[in-house]
Amino acid sequence: MCGIIGYVGHRPATPVVMEGLRRLEYRGYDSAGVAWMTPGKINIARASGKLRALEEKLSRMPAITSTCAMGHTRWATHGEPAERNAHPHLSNDSSLAVVHNGIIENYRELKKFLLEKGHQFYSDTDTEVLVHLIAERRKTEPDLLRAFAAALSEAKGAYAVCLLSADHPDTVYAARMSAPLIVGLGTGENFIASDIPAFLPYTREVMFLEDGEIVRATASSCEAMSLRDLKPLPKEKHTIQWNLQDAQKDGYKHFMLKEIFEQPRVIKDGMTGRADGETGDVKIPELDNAPIPGRIHIVACGTSYHAGLWGKALIENLADIPAEAEIASEFRYKNKFLRDPGEVALFISQSGETADTLAALRIMKQRGVPTIGVCNVVGSSIAREADYTIFTQAGPEISVASTKAMTSQMICLALMALYWGKRKRTLERNRIRETLDILFSLPAALDDNLPEMRKRANELAKKYAAFRNFFYLGRGVGYPLALEGALKLKELSYIHAEGYAAGEMKHGPIALIDPEFPTFAMAFQDDLLEKVKSNIEEVVSRGGKVIVLSNGAPAAKAADAWLIPPVDGAFAAFMALPALQLFSYEVADYLGKDVDQPRNLAKSVTVE
Ligand code: M6R
């Protein structure tokens, strides 16, 4: 939610910042703005709407040669998406400017105090209090760093914030509390951003900031300090392994399409070093020191929750561990937790920054429950704070709609189920080997079938795009997929879609069925197939149109059958998921929707 970037170095800074914002736009796209230094002065340009509006504005201005600048791309929380609410926000004398990601929860009290002190506000945002508060504290504390830290100590909530000051034209200040912020260390230049792709064209050397840290960066230096006492902190440097190519579209029309087609590679990478097909062994060294769960809570949001729901069945069946999949925003407010001995909590998050998932993790840690993070983003909060972390190796996922991340999470969960089954000795070596054989067969099967799947998705999309409502039905392994299929359709095409357990239809929802309310049914070759077939018949006999996604013989008198390659058991999901993703992609593209940046959304939900 919101992307920020600061740059100081030897290059013209606004193009660097604008390019960085383009790579951060997935975090929010309600408005954008930049601030840049000229001697003794901070200049700003802001525009409502996507980044191109700001680009157009800048293109009409005289060339900017400043080498120190910062920028912001906004996902609106407080204040409508209008230019006056776009960041940067300036102090009344225009000597200070801030960009901010997060929410200042006590902004009302702070605003009241600042209004009494004579500060004038020009936006409806919570952020604007920060810049006035720094200006206020500067009246008694001339040292800018101290005034910045003092102001932040009064702010409650979450922030990743960058500050520019007219008095320090070659310095960017920044601080972090519960919102991601990473420093990119270049040669004769430094970067501070919400996410690594923002500065990846220039450096792979990074320093991850922790909550309660503040930095002062110039072209030649970067000091990290504790916000509390401004004592210098020794920080480790990390080298990022992935490259810019991974964060580009590579000739695909959209990031989403590219990411769907990356899934065979993602499955391979997720297994590399963990699964040995020859010996039938599974190794997850990250978990070797973790207790074997006696019972596991799988906690996540959105698509990651659907991966968790799928993984729950595997962990129960393969590892014989009772498991619950829980929505993080509900789980974190549960008053009573079952306090089983051997309880472990597992948190799944692509970004590793989702506010509810992170809060749930912190609660479980406080209660002394061992925590495991399954994350994609290295250096993210969940990845760093969990007792044990497994990386999903999906590479950067840029499209707001999550696709390859879910596949990578499912691979991790499948391997974890096998790994615990092995450690508990509830799984025979042969069973592990058979399961690994299936997993190893997936990349080639998907590679061979994705183009054909896309064709079928396109045909069906043209036929069904005009409908305004959809049911997605499934049982067993098909149920999490039904939820995920419905989520993808609604977030991308704004068509109402409900994921439902197929057996629940007759308890009410079937009343909605008529020829204008189609159903997308998952009918896989498993023990529940006959039941699913009956559920489909019930819909068809009430005039409902049905698309049946099946991995075997046609499942029912369906309006439209969609055959995907046969894969055994729960692992059929690895074939069905891309089909569902492609259907939603094609519908959204056919309807002319903004596939990679659907309205009202942001990639990483860092507010509650
Ligand atoms: O980064 P996370 O995996 O924690 O994100 C969770 C959800 O916000 C995310 O999966 C969201 O539902 C996606 N937009 C779905 O496509």
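Residues numbered from 1 in each chain as written. Predicted model: local features only at pLDDT ≥ 70, side-chain atom pairs only at ≥ 80, totals over all residues. Heavy atoms only, no water.

### Brief notes about the domain arrangement of the chain
Item 1. By the assigned domains, the chain splits into domain 1 (3–246) and domain 2 (255–590).
Item 2. Taken together, the contact between domain 1 and domain 2 spans 12 residues of the former and 10 residues of the latter.
Item 3. Here domain 1 meets domain 2 over a buried area of about 1000 Å², counting both sides, of which 53% is carbon and sulfur.
Item 4. If you look at where domain 1 meets domain 2, you find two salt bridges.
Item 5. In this assembly, domain 1 and domain 2 are joined by three residue pairs in polar contact (both at pLDDT 80 or more). (Domains from an automatic or database assignment. Contact = heavy atoms within 4.5 Å. Buried area = accessible area lost by both parts, 1.4 Å probe. Salt bridge = Lys/Arg side-chain N within 4 Å of Asp/Glu carboxyl O. Polar contact = N/O pair within 3.5 Å; in protein donor to acceptor, adjacent residues only side chain to side chain.)

### Describing the site of the ligand
Item 1. Taken together, 15 residues form the shell around the ligand, and within it Ser304, Ser349, Ser351, Thr354 and Glu491 come nearest.
Item 2. Backbone polar atom of Ser402 to an oxygen atom of the ligand: 2.8 Å apart, as the coordinates give it.
Item 3. Within the side chain of Lys488, a nitrogen or oxygen atom sits 3.0 Å from an oxygen atom of the ligand.
Item 4. Counting residues per element, the ones that place at least two in the shell around the ligand are α8 (302–319) and α14 (478–493).
Item 5. Considered class by class, the residues forming the shell around the ligand number five nonpolar, eight polar and two charged. (Near = heavy atom within 4 Å. Helix = DSSP H or I, 4+ residues; strand = E, 2+ residues; numbered from the N terminus. Nonpolar A, V, L, I, M, F, W, Y, C, P; charged D, E, K, R; others polar.)

### Observations regarding the environment of Glu504
Item 1. If you trace the backbone, Glu504 turns up in the loop between β23 (496–501) and β24 (519–523).
Item 2. Through-space distance from the C-alpha of Glu504 to that of Tyr159 is 43 Å; in sequence the pair is 345 residues apart.

### Overview of the packing of helix α13 (residues 429–464) against helix α16 (residues 573–590)
Item 1. At a closest axis distance of 8 Å, the pairing of α13 and α16 adopts a crossing angle of 30°. The interaxial crossing formed by α13 with α16 has right-handed handedness.
Item 2. Here the contact of α13 with α16 is composed, by residue class, of 19 nonpolar, one polar and three charged. (Axes fitted to C-alpha atoms, helices over the stretch in contact; angles between N-to-C directions. Left-handed = near helix turned anticlockwise from the far one by under 90°.)

### A closer look at the packing of helix α1 (residues 13–24) against helix α2 (residues 51–59)
Item 1. In contact at an axis separation of 11 Å, α1 and α2 are set at 165° when each is read in the N-to-C sense. Accordingly, the angle class assigned to the pair α1 and α2 is roughly antiparallel. Along this stretch, α1 crosses α2, giving a crossing that reads as left-handed. Between α1 and α2, the residues in contact are Met18, Leu21 and Arg22 and Leu51, Leu54, Glu55 and Leu58, respectively.
Item 2. Its residues assigned to classes, the contact of α1 with α2 comprises five nonpolar, no polar and two charged. (Parallel < 35°, antiparallel > 145°, perpendicular 65-115°, else oblique.)

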